[in-house]
Amino acid sequence: MTDGASIETKTERLLDLCRSFGSCAVAFSGGVDSTVAAKAVFLALGDQSIAITGNSPVEAEGHLDGASKLAQLIGIRHEVITTTELDDPNYTRNGPDRCYHCKTGIYSQIRKRMEALGIAVLVDGANVDDTSDYRPGIQAASEQKARSVLAECGFSKDDIRLLAKQWELPIWDKPASPCLASRVSYGTQIDARVTTMIDRAEQYVRALGLRVVRARYHDGDICRLEVPPEEIARLCEPGTREALVNHIRGLGFKFVANDLEGFRSGSMNRVLPAATLNSLK
């Protein structure tokens, strides 16, 4: 529903829809989308709701602690499962359908836990804006019968941030933070060593005061840094550039590049042919 309804109307729809489920599990990453979804199902269902978070080496350091604190703030029951995507060669070979295999595996694990708990419905945090980008994970969610309640009720990303602010959720303006595997060039094998290098490179840049950064991993040699265009010059300041290069090369990269185009979501998809993007949306 993209009918221009007010945020109040969309919120009423959302809570009514969640109530209709009777019981609900949220695939909970601790990002703004899944946090709003978790808050909604908790308001609607109370003790008949649960947030389930995957503990994975492809998530940034602090991911699990952040999700736990948010679940505690909301009041929703929270469980953690250990994910196994790095055991799946369909995932680790890192083809264009990587996210499909990741979501399929994680949602299958969540479903098993739901069955043990007697939970009826699985919810994810997808919104209406997600359908305009290359998101093979959406197909996996559909196959796993996950309900995208935010999208179903007409919520855009901006709507979600507004509602998160109204609900006094501290992550309302948190930058998007997809899994670390999204930084790896297609066809380059994914393992815990690679994702650790990426995570530590991004941590270093954030410690410089930049909130948004992507350390793109190319062929095991190149770290291509993407930051907002207005921040690019900061990486080249005297002293900063040399320290940055030394630190990132010390992580295992051979070359460090400052991308002059700046940060853009999904930049790795640029190498994919249009036919692939259209077939896997």
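Placed above this text is the structure.
Calculation rules
Residues numbered from 1 in each chain as written. Predicted model: local features only at pLDDT ≥ 70, side-chain atom pairs only at ≥ 80, totals over all residues. Heavy atoms only, no water. Pairing = 2+ DSSP bridges. Helix = DSSP H or I, 4+ residues; strand = E, 2+ residues; numbered from the N terminus. Right-handed = clockwise from strand over helix to strand, strands pointing away. Disulfide = S-S within 2.5 Å. Buried < 20%, exposed > 50% of the residue type's maximum accessible area, 1.4 Å probe, protein only. Salt bridge = Lys/Arg side-chain N within 4 Å of Asp/Glu carboxyl O. Axes fitted to C-alpha atoms, helices over the stretch in contact; angles between N-to-C directions. Contact = heavy atoms within 4.5 Å. Phe/Tyr/Trp six-rings, centres within 6.5 Å; stacked < 30°, edge-to-face > 60°. Lys NZ or Arg CZ within 6 Å of the ring centre and 35° of its normal.

A. Looking closely at the pairing of strand S3 (residues 77–82). Strand direction decides the pairing type here: strand S2 (residues 49–55) and S3, joined by 6 bridges, are parallel. What sits directly across from Gly-54, in S3, is Ile-81. As a crossover connection, the stretch from S2 through helix H3 (residues 63–74) into S3 is right-handed.

B. Region of the structure containing the state of the cysteines. Evaluated as defined, the whole model comprises 0 disulfides. Here Cys-223 is not disulfide-linked; the sulfur of Cys-236 is the nearest cysteine sulfur, at 14 Å. Since its relative accessible area comes to 0%, Cys-223 is described here as buried.

C. Structural context of the pattern of salt bridges. As enumerated under the stated definition, the model contains 17 salt bridges in all. In this structure, the salt-bridge partner of Asp-33 is Lys-157, at a minimum N-O distance of 2.9 Å. A residue pair is termed long-range when its members are at least 10 positions apart, and Asp-33 in helix H2 (residues 32–45) and Lys-157 in helix H8 (residues 157–166) qualify at 124 residues. The salt bridge involving Glu-261 is made with Arg-264; its shortest N-O contact spans 3.2 Å.

D. Looking closely at the sheet that holds strand S6 (residues 214–218). Taken together, 3 strands build an open sheet; the order of strands is S6-S7-S8 and the sheet is mixed. Strands at the two margins of the open sheet, each flanked by one partner only, are S6 and strand S8 (255–258). Pairs of neighbouring strands in the sheet enclose a mean axial angle of 25 degrees, with direction left out of account. In this structure, strand S7 (residues 222–226) lies alongside S8, joined through 4 bridges in parallel fashion. Following the sheet pairing, Cys-223 is matched in S8 by Val-256. Its contacts with the sheet put helix H9 (residues 192–207) on S6 and S7, and the angle it makes with S6 is roughly 145 degrees.

E. View of the sheet that holds strand S1 (residues 24–27). Sheet architecture is open: 5 strands sit in the order S3-S2-S1-S4-S5, paired in parallel fashion. Edge positions in the sheet fall to S3 and strand S5 (146–147), since each of these pairs with one other strand and no more. Inspection of the sheet shows S1 paired to S2 by 4 bridges, in the parallel sense. Across the sheet, Cys-24 pairs through a bridge with Ser-49, a residue of S2. Sheet strands in contact with helix H5 (residues 98–117) are S1, S2, S3, strand S4 (121–123) and S5, and its direction is about 130 degrees off that of S3.

F. Examining the packing of aromatic side chains more closely. Summed over the entire model, instances satisfying the criterion amount to 1 aromatic pair. Here Tyr-217 and Phe-253 contribute two aromatic rings whose centre-to-centre distance is 5.5 Å and whose plane-to-plane angle is 65 degrees, an arrangement assigned as edge-to-face. In this pair, Tyr-217 is assigned in strand S6 and Phe-253 in the loop between helix H10 (240–250) and S8, connecting sequence segments 36 residues apart. Geometry around Trp-172 places Lys-165 over its ring, the cationic atom sitting 4.5 Å from the centre.

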